[in-house]
Amino acid sequence: MKKVLTVCPYCGSGCQLYLCVEDNRVVGAEPANGPINEGELCLKGHYGWDFLNDTKILSKRLTKPMLRYTRSEPLREVEWDEALDYVAGKLKTIKEQYGPDAIMGTGSARGTGNETNYVMQRFMRAVIGTNNVDHCARVCHGPSVAGLTAIFGSGAMSNSIPEIEDADCLLIFGYNAADAHPLVAKRILRAKQKGAKIIVVDPRKTEAARISDLWLQLKNGSNMALVNSFANIILAKGWHNDYFINNFTEGFAEYCNTVKKYTPEYAQAITGIEPDLVEAAMKIYTHSKNSFILWGMGVTQFGQAVDVVKGLGSLCLLTGQIGKPSSGVGPVRGQNNVQGACDMGALPNIYPGYQAVTDAANRKKFAKAWGVETLPDKIGFTITEVPHAVAAGKLKAFYIIGEDPVQSDPDSGGLKKALNDLEFVIVQDIFMNKTALYADVILPATSWGEHGGVFSGADRRFQRFRKAVDAKGDVKDDWVIIGELAKRFGYELTYKNTEAIWNEMISLCPSYAGATYEKMERQGSVQWPCRTLEDPGTDYLFKGNIFQTTSKKGIFFATEWRAPAEVPDEQYPIVLCTVREVGHYSSRTMTGNCWGLSQLADEPGYVQISVEDAARLDIEDEQLMRVTSRRGSVISRARVSDRVKAGAVYMTYQWWIGACNELTIDNLDPISKTPEYKYCAVKLEAIADQEEAERQLIASYNDLKRKMGAEVS
Ligand code: SF4
């Protein structure tokens, strides 16, 4: 048996593990001594590998290109040349007829790796001629990137994951580490054991709330008001850091002006939090030697998300809690390589290394390196704008790599309509999924485990992941497929291997210039910025309180609280908030095809509902129930819980039948265009005939599984 050292494909923690291989089959996984996991793994790390053996539990591996020339035909298997010739021909026609901006592409935050994201954004920009490239960071931590870039000049975690355990205070805001990043949760536990004070802001009693010193159970949708009241009490008590403010920041006077109205008493009407609790929380935050703010999608998935990120960052500026070990900001990125897809410029406004497409010098540099006369200067569409751009007749083709937006994006009814209305849809993936059912062409790619490259962990950590087995079908590496398409446009985009791609990329990105494959092998990982071959990388940012803004100062920001877009009313009286699930990942095509993980929970998933609401509606634990919004209606199973308050329910987005994104709203943050997954209005109904509902559930599930090629008994 051989053991191959690699990086887990399931969350931004970036745990290292060994894949155990016999006769070209993966037979197990063992923890490695990586810098984040130190010899431990969570459930997904331990049991999330047998999808590689094409178990067909949920869907089948894509093993041959498929296409249909008209939508009335079924997809049929074809040879690569036929598929790639057809894709290139259609994209050329659409580009000629409507212009390059009628074509949209995605990178992928999942197992494909940084090199594919680099090649994909180069293809979209240099070959197609558009900045219409984006990926699912848009629907998770896009606001963290936008908000932190605005106030600090850098949009990532300021400190490393291992530093969490040495903080004296952790302010955990809208972040359920136990479900989202179990090995980060372990660091939180260790911090507690070492004496740190834990403050949790969350409407649910998460595991972190359970072990916290203070739990602020705020009303859903009131984040900005609470953050403003934090600033207000710090200023009122004189707990701010004048030296830091005077020497290293800008915009303090205007900031004070905005937050002065948000006394804890004033904010209480919006947040529901007792003023004493606000004061006690900020006393701990300001009086601790090193305070570290961690947040997740409870901050970023709102219509007012970028503002809240800036508000949290401003608390660091107000108190000087940044620029030192274990002190700063920690937007902990969700999917395993969502940090990397951003690092590689799979975003409509930046090239790799966070270099703006609107800057003429950047355009000139990349155009020269990529052998084209010019590059587009207009910021492209985001993925969340796709349904609107299709409805407006602006988008005609969509090339989707390693994403399943029908399952993961808000208001899936609207997205399905857009996919039907597009002239051409290409899906490049490893499994059949709901989005692939709408494709004109499917291009099968190799999976994590079948190729190597570099992932970026949430704490700016480049790590090598490696090939363990040969792929079995007629599949190709993502970056090879893109290169073969480019050739059909008369453009050379072929590379010898991923290291050649990586070396080209770092030669164009000053922040990554010293992060070679050799250094990653030698050190185990390299955290950017890493500017020279001698530079080992950077554990925490902003040493000396020098920020990366134009003025090198931190820029304060506060603004008024805005209510969510769709508040409960008589017809839809309950708030729906979507959350994470520990045993499954993303749209479940990988974890749902792993035997061990598939045993944890199955369709139609769960609705967490309060004891009070369940009793009022006569719904019992584990019963099927109906959830309906203005956009759709689904059934799911009740999980009656004393961890949630009456008036709100919580669903995870992994489920095909209990698909919460049939219900969610596509109200977007105006800056990051991130949807308000955390808040829309729904109604709940008990189902009288449970036996009939169970029968219908099994029939619909089996029907969907058959469509996806699973083996249904
Ligand atoms: S914490 Fe994340 S990276 Fe680590 S084993 Fe679990 S899923 Fe994988």
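Located above this text is the structure these notes cover.
Right, let's walk through the structure included here. (Residues numbered from 1 in each chain as written. Predicted model: local features only at pLDDT ≥ 70, side-chain atom pairs only at ≥ 80, totals over all residues. Heavy atoms only, no water.)

### A few points about the sheet that holds strand S21 (residues 526–527)
No. 1: Strand order in this open sheet of three strands is S19-S20-S21, and the pairing throughout is antiparallel. Two strands bound the open sheet, and with one partner strand each, they are strand S19 (453–457) and S21.
No. 2: One ladder, built from two bridges, connects strand S20 (residues 461–465) with S21; its direction is antiparallel. Pairing of Phe462 across the sheet is with Val526, part of S21.
No. 3: Lying on the sheet, helix H3 (residues 114–128) is in contact with S19 and S20; it crosses S19 at an angle near 95°. (Pairing = 2+ DSSP bridges. Helix = DSSP H or I, 4+ residues; strand = E, 2+ residues; numbered from the N terminus. Contact = heavy atoms within 4.5 Å. Axes fitted to C-alpha atoms, helices over the stretch in contact; angles between N-to-C directions.)

### What to know about the site of the ligand
No. 1: As a matter of local geometry, the ligand sits amid Cys8, Tyr10, Cys11, Ser13, Gly14, Cys15, Leu41, Cys42, Lys44, Gly45, Pro182 and Leu183.
No. 2: Along the lines of polarity and charge, the residues of the shell around the ligand split into eight nonpolar, three polar and one charged. (Near = heavy atom within 4 Å. Nonpolar A, V, L, I, M, F, W, Y, C, P; charged D, E, K, R; others polar.)

### Concerning the layout of surface pockets
No. 1: One number sums up the size of the largest pocket: a volume of about 780 Å³.
No. 2: Forming the boundary of the largest pocket are 34 residues, of which Val145, Thr149, Asn349, Ile350 and Tyr354 lie nearest the centre.
No. 3: Secondary structure elements with two or more residues in the lining of the largest pocket: helix H4 (142–152) and helix H15 (338–343).
No. 4: Counting residues per element, the lining of the largest pocket draws most heavily on H4, at four residues.
No. 5: Residues belonging to the lining of the largest pocket are distributed by class as follows: 16 nonpolar, 14 polar and four charged.
No. 6: Every residue lining the second largest pocket is counted, 21 residues in all, and those nearest its centre are Asp179, Arg204, Arg580, Gln608 and Arg639.
No. 7: Sorting the residues of the lining of the second largest pocket by element identifies helix H5 (177–180), strand S24 (606–610) and strand S27 (648–652) as the ones contributing at least two each.
No. 8: Here the lining of the second largest pocket gets three residues from one element, more than from any other, and that element is S27.
No. 9: Among the residues forming the lining of the second largest pocket, the class breakdown is eight nonpolar, five polar and eight charged. (1 Å grid on protein atoms, 1.4 Å probe; cavity = no way out; pocket = protein on both sides within 12 Å on 5 of 7 lines; lining within 4 Å. Points joined across faces, edges and corners; volume = space filled by probe spheres on them.)

### With respect to the environment of Ile36
No. 1: By the secondary structure assignment, Ile36 is in the loop between strand S3 (25–31) and helix H1 (43–47).
No. 2: Setting aside residues no more than four positions away along its own chain, Ile36 makes contact with Ser13, Gly14, Cys15, Ile161, Pro162, Arg187, Asp459 and Arg461.

### Points about the sheet that holds strand S16 (residues 397–401)
No. 1: Spatially, S5-S4-S18-S17-S16-S6-S7 is the arrangement adopted by the seven strands of the open sheet, whose pairing is mixed. The open sheet terminates on both sides in strands that have one partner only, identified here as strand S5 (76–77) and strand S7 (133–134).
No. 2: Bridging between strand S17 (residues 424–429) and strand S18 (residues 441–444) involves four bridges; their strand directions are parallel. Bridge assignment links Gln428 to a residue of S18, and that residue is Leu443.
No. 3: On the sheet, helix H20 (residues 478–487) packs against S16, S17 and S18 and is oriented at approximately 150° with respect to S16.

### Some words on the packing of aromatic side chains
No. 1: Applying the stated criterion to the full structure yields 27 aromatic pairs.
No. 2: Centre to centre, the rings of Tyr86 and Phe424 are 5.5 Å apart; their planes meet at 85°, and the pair counts as edge-to-face. On the criterion of sequence distance, the pair formed by Tyr86 in helix H2 (residues 80–98) and Phe424 in strand S17 is long-range, its members being 338 residues apart.
No. 3: Given a relative accessible area of 0%, Phe424 falls into the buried group.
No. 4: When the centroid spacing of 4.9 Å and the interplanar angle of 45° are considered together, the rings of Phe542 and Phe547 count as tilted. This pair shows no difference in class: Phe542 is buried, exactly as Phe547 is. (Phe/Tyr/Trp six-rings, centres within 6.5 Å; stacked < 30°, edge-to-face > 60°. Buried < 20%, exposed > 50% of the residue type's maximum accessible area, 1.4 Å probe, protein only.)

### Considerations on the side chain of Asn117
No. 1: Note that Asn117 resides in helix H3.
No. 2: Discounting chain neighbours no more than four positions away, the residues touching Asn117 are Gly107, Ser108, Thr112, Asn337, Ala341, Met344 and Ala346.

### Section: H3
No. 1: The end-to-end C-alpha distance of H3, which contains 15 residues, comes to 20 Å, matching closely the 21 Å that a straight helix rising 1.5 Å per residue would cover.
No. 2: Counting buried residues along H3, 15 of its 15 residues qualify, which places the element largely inside the surrounding structure.
No. 3: Looking one or two residues beyond H3, the residue adopting positive phi is Gly129, at roughly 95°. (Expected span 1.5 Å × (residues − 1).)

### Details of empty space enclosed by the protein
Where empty space is left can be seen by rolling a probe of water-molecule size over the atoms.
No. 1: Inspection of every chain in the model, using the stated rule, returns six cavities of 30 Å³ or more.
No. 2: Its boundaries defined by the atoms lining it, the largest cavity holds a volume of some 560 Å³.
No. 3: Around the largest cavity sit 41 residues that line it, and Met297, Gln301, Thr578, Val579 and Lys678 are the ones nearest its centre.
No. 4: When residues of the lining of the largest cavity are traced back to their parent elements, those giving at least two are helix H13 (297–300) and strand S23 (574–579).
No. 5: Counting residues per element, the lining of the largest cavity draws most heavily on S23, which supplies three residues.

### Side note on helix H19 (residues 412–421)
No. 1: Taken as a whole, H19 has its buried residues at Ser412, Leu415, Ala418 and Leu419. Along the long axis of H19, the arc covered by the buried residues comes to 115°, so they all point the same way.
No. 2: Check the buried side of H19 and you find it contacts helix H17 (386–391), S16, helix H18 (405–408) and S17. (Arc of directions from axis to C-beta.)

### Some remarks on the side chain of Ser229
No. 1: Tracing the backbone shows Ser229 in helix H8 (residues 223–237).
No. 2: Sequence-distant contacts of Ser229, defined by excluding residues within four places in its chain, comprise Tyr262, Thr263, Pro264, Ala267 and Val278.

### Details of unusual backbone geometry
No. 1: Residue Pro529 is bonded to the preceding Trp528 through a cis peptide linkage, with omega at 0°.
No. 2: Mapped onto the secondary structure, Pro529 falls in the loop between S21 and strand S22 (554–555).
No. 3: A cis amide bond links Glu603 with the next residue in sequence, Pro604, at an omega value of 5°.
No. 4: As for its position among the elements, Pro604 is in the loop between helix H23 (595–598) and S24.
No. 5: Within the chain, Glu38 stands out as a residue other than glycine whose phi angle is a positive 40°.
No. 6: Looking at the secondary structure, you find Glu38 in the loop between S3 and H1.
No. 7: Judged by its relative accessible area of 38%, Glu38 is partly exposed.
No. 8: Backbone geometry places Asn545, a non-glycine residue, at a positive phi of 60°.
No. 9: With respect to the helices and strands, Asn545 occurs in the loop between S21 and S22.
No. 10: Residue classification places Asn545 among the buried positions, given a relative accessible area of 17%.

Keep in mind that these numbers describe shape and distance, not what the molecule does.
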